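One letter stands for each residue in the lines below.
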Amino acid sequence: MKTESLSKAITHKIENLPEGEVFDYKYFNLPSANEIALAQTLSRLNKKGVIERITKGKFYKPRNTLFGKIKPLEDEVIKTVTYRGDKLIGYLTGVTQYNKMGLTMQVPNVLVIGTNHVLPAKKINNYKIKYSKRNVQITEENISLLQLLDAIKDIKIIPDTKIDSSFKRLTDMIQNLTPIQQKKILQLAMQYNAATRALTGAIFEKYVPELQVRELKQSLNPLTRYMIGISKELLPNQPNWNIE
């Protein structure tokens, strides 16, 4: 395909793209021989304001309004930093995710991404992206479970809420998991710090008693105490796990 025809084809495909959607080179499904022409066309369209570059190799089609250009949806930004091509490399966690889980009303402009590799912080449009290293396997199937465990780990520092309120919400979410998910979250908890293992074990012992938590209990130092601050009415078995 000639360069001029290729440029028109690329431009036409972008015209049919939904506003706010993020795309990369793969969206055009072109052979590698056309990559230079594709990059040049995208660069030209970026300069004209037809598309906006948000990070290396990632663009979006903005929507123009009386108040300026509409940035890409948050979910689209999250997708760009949690995938490398088609490969999942991380997941949303931190206060933004806790807001989605109904644990806090705070809506920060910082997106915290749990990942297996240390990556530098960056900024995409109005969002600050920070990465937090995880030593657990990240898959599509266990993302929601890791987000739950992260919230358990951070229960004392979730902003604009009380610990007991967060505890009730998290306990309800755990009880609503399928039996397979409940078993899986116990396995994943073994990769977290001691306080998270203790609180997870105490929750399951009280609210999901049909599952064994012996492995979590045996992983803890019997002399270590965990100062969390959940009321005894909600978690009467705290002494079993050295939780206070």
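All values reported here derive from a predicted model rather than from experimental measurement.

S.K.: What is the right way to read the pattern of salt bridges from this model?
M.R.: Think of it this way: side chains of opposite charge can pair up when their charged atoms draw near. In the structure shown here, the tally under the stated rule is four salt bridges. Residue D150 is joined to R134 by a salt bridge in which the shortest nitrogen-to-oxygen separation is 3.3 Å. Of this pair, D150 sits in helix α5 (residues 143-153) while R134 sits in the loop between β11 (127-133) and α5; the two residues are 16 residues apart in sequence, bridging distant segments of the chain. Among the ionic pairs, K153 bridges to D154, the shortest N-O distance being 2.9 Å.

S.K.: Whenever I open this one, the pairing of strand β9 (residues 110-115) confuses me. Can you help?
M.R.: In regular strands, side chains alternate between the two faces of the sheet. Sheet analysis places strand β8 (residues 90-93) next to β9, joined by four bridges and oriented antiparallel. From the neighbouring strand, T93 faces β9, where its bridge partner is V112. Pairing analysis gives six bridges linking β9 to β11, with the strands arranged parallel. Bridging across to β11, L111 finds its partner in I129.

S.K.: Mind showing me how you'd approach α5 here?
M.R.: Counting along an α-helix, one turn takes 3.6 residues, and residues three or four places apart therefore face a common direction. The buried fraction of α5 amounts to nine of the eleven residues, a majority that puts the element mostly inside the structure. Residues I143, L145, L146, Q147, L148, L149, D150, A151 and I152 constitute the buried set of α5.

S.K.: Any chance you could explain the confidence of the model for the chain here in plain terms?
M.R.: Should the pLDDT be low somewhere, the predicted coordinates at that spot are not to be read in detail. On average, residues of the chain score 90 in pLDDT, and 94% of them reach the 70 mark or higher. Taken element by element, the predicted model of the chain shows its lowest mean pLDDT in strand β5 (residues 68-70) (59) and its highest in helix α8 (residues 194-207) (98).

S.K.: I'm lost on the sheet that holds strand β3 (residues 58-60) in this one. Help?
M.R.: Each strand in a sheet pairs with another by means of backbone hydrogen bonds, the pair being arranged parallel or else antiparallel. Pairing within the open sheet is antiparallel, and its three strands lie in the order β1-β3-β2. A strand with exactly one partner marks an edge of an open sheet, and here the two such strands are β1 (22-23) and β2 (52-55).

How each quantity is defined
Residue numbering note: each chain is counted from 1, following its sequence as written. With pLDDT at 70 or above as the cut-off, local features in this predicted model cover only qualifying residues; side-chain atom pairs require 80 or more to be listed or tallied, and sums for whole chains, interfaces and linings still use all residues. Computation of side-chain values: all heavy atoms of the structure, hydrogens and water removed. Salt bridge, as applied in this entry: a Lys or Arg side-chain nitrogen positioned within 4 Å of an Asp or Glu carboxyl oxygen. Helix numbers and strand numbers start at the N terminus; a helix is a DSSP run of H or I with at least 4 residues, a strand a run of E with at least 2. We treat two strands as partners when DSSP finds at least two bridges between them. A simple rule labels every residue: compare its accessible area, found with a 1.4 Å probe on the protein chains alone, to the largest value its type can have, and call it buried under 20%, exposed over 50%, or partly exposed in between. Scored from 0 to 100, pLDDT reflects the predictor's confidence in each residue.

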